[in-house]
Amino acid sequence: MTLTDKFSTERLIMLWRYYTPGMTRQLWLTAALTLLCYLISLGATFLPESLGLYTFASFVLMFGYYCGPLHFARFRDRNFSLQLPATAAERTLFMLFFTMIVVPAVMVVTWYASVGIASLFTANAPITTVMLARVDADAAQSGVNLGQFSDVMCLQRVQDVIPMLVCLLCVTSSRRTPVTNGIIGVIVSLVAMSMIGGIIGLTIGFTAGLHDALNGNTIDTDAFVSKLTSMMIYTVYLICVLAILTFIYTAVRLYRTFRHQQS
């Protein structure tokens, strides 16, 4: 097949077929990891102190998503790139589609299929709903309404693409040990985002508390929560913008890398 700059669906299908054996193994492993994390989370719903175990299972599940691009670490040879019947644009599109659409789709399908089967045996099958209800009840006892944070929680899912894109960048750009560099990239990005969130949270808390203390007043819990909510929303919007910029940068970087390999 002639390799031209014109986009070809046929070449994209050939690319998919070439990667299929490795992708199939990875997707089965992804489904197995998702099922395992679901079972651990389901077991946690029957324990009185279950939030820690549920959080751990959720982190393991998301870490599996973040490391999805590691599959491409074994396809970085220059000779392979020259022989591959696909343009730089097609390879970029394929990698982004697999890591951002296919892998999450397998995880979602496996998770909700598990929910459907488990619902035949227990009312705790919808784990997320059960755990959120418990957290809401605990927060209500402290006078905090977590309902106002629901939009923030939804927007936070957008930030999950950042570690995954960083992993993809590390895998495709590293000359040596791409797997190790990909995992390190995920860890560094998670630590960086946690530090940013922690600094923002400490800044908000210190500012609100210091203002009341300087005026000789007791900290107003309602005002503090309101301010925290407002600042969190802006922070999550900022992270969403960062995720979009990371996506654009990754797409451009992948295209240039593959273009250079085929030149």
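Look above for the structure.
Residues numbered from 1 in each chain as written. Predicted model: local features only at pLDDT ≥ 70, side-chain atom pairs only at ≥ 80, totals over all residues. Heavy atoms only, no water.

## Description of the overall build of the protein
(1) Moving on: Within the protein, the secondary structure is distributed over 9 helices and 0 strands.
(2) Moving on: In sequence order, the protein lays out its α and β elements as α-α-α-α-α-α-α-α-α.
(3) Moving on: Classification of the 263 residues of the protein by burial places 40% in the buried group.
(4) Moving on: Across the protein, contacts joining residues at least 24 apart in sequence account for 80% of those joining residues at least 6 apart. (Helix = DSSP H or I, 4+ residues; strand = E, 2+ residues; numbered from the N terminus. Buried < 20%, exposed > 50% of the residue type's maximum accessible area, 1.4 Å probe, protein only. Contact = heavy atoms within 4.5 Å.)

## Observations regarding the nonpolar core
(1) Moving on: In this structure, Tyr19, Tyr38, Tyr65, Phe72, Phe94, Phe98 and Ile127 are the most contacted members of the largest nonpolar core, which totals 47 residues.
(2) Moving on: When residues of this core are traced back to their parent elements, those giving at least two are helix H1 (9-44), helix H2 (51-66), helix H4 (88-118), helix H5 (127-141), helix H7 (161-173), helix H8 (178-214) and helix H9 (221-262). (Core = buried A, V, L, I, M, F, W, Y, C linked by side-chain atoms within 4.5 Å.)

## Considerations on unusual backbone geometry
Glycine aside, negative phi is the norm for most residues, and most peptide bonds take the trans geometry.
(1) Moving on: Phi is positive for Thr177, which is not a glycine, with a value near 45 degrees.
(2) Moving on: Mapping Thr177 onto the fold places it in the loop between H7 and H8.
(3) Moving on: Taking the relative accessible area as the measure of exposure, Thr177 reaches 47% and is therefore partly exposed.

## A word on H7
Along an α-helix, a turn takes 3.6 residues, which lines up residues three or four apart on a common side.
(1) Moving on: Its 13 residues give H7 an end-to-end C-alpha distance of 18 Å, which sits within 8% of 18 Å, the value for a rise of 1.5 Å per residue.
(2) Moving on: Within H7, 11 of the 13 residues are buried, leaving the element largely enclosed by the surrounding structure.
(3) Moving on: What H7 keeps buried is the set Val161, Ile162, Pro163, Met164, Leu165, Cys167, Leu168, Leu169, Cys170, Val171 and Thr172. (Expected span 1.5 Å × (residues − 1).)

## Concerning the packing of H4 against H7
(1) Moving on: Running from N to C, H4 and H7 cross one another at 140 degrees; their axes reach a closest spacing of 11 Å. Two packed elements cross with a definite hand, and for H4 against H7 that hand is right-handed. Side by side, H4 and H7 meet where Met95, Leu96, Thr99 and Met100 of the first sit next to Val161, Met164, Leu165, Leu168 and Thr172 of the second.
(2) Moving on: When grouped by side-chain class, the residues that make up the contact of H4 with H7 number 7 nonpolar, 2 polar and no charged. (Axes fitted to C-alpha atoms, helices over the stretch in contact; angles between N-to-C directions. Left-handed = near helix turned anticlockwise from the far one by under 90°. Nonpolar A, V, L, I, M, F, W, Y, C, P; charged D, E, K, R; others polar.)

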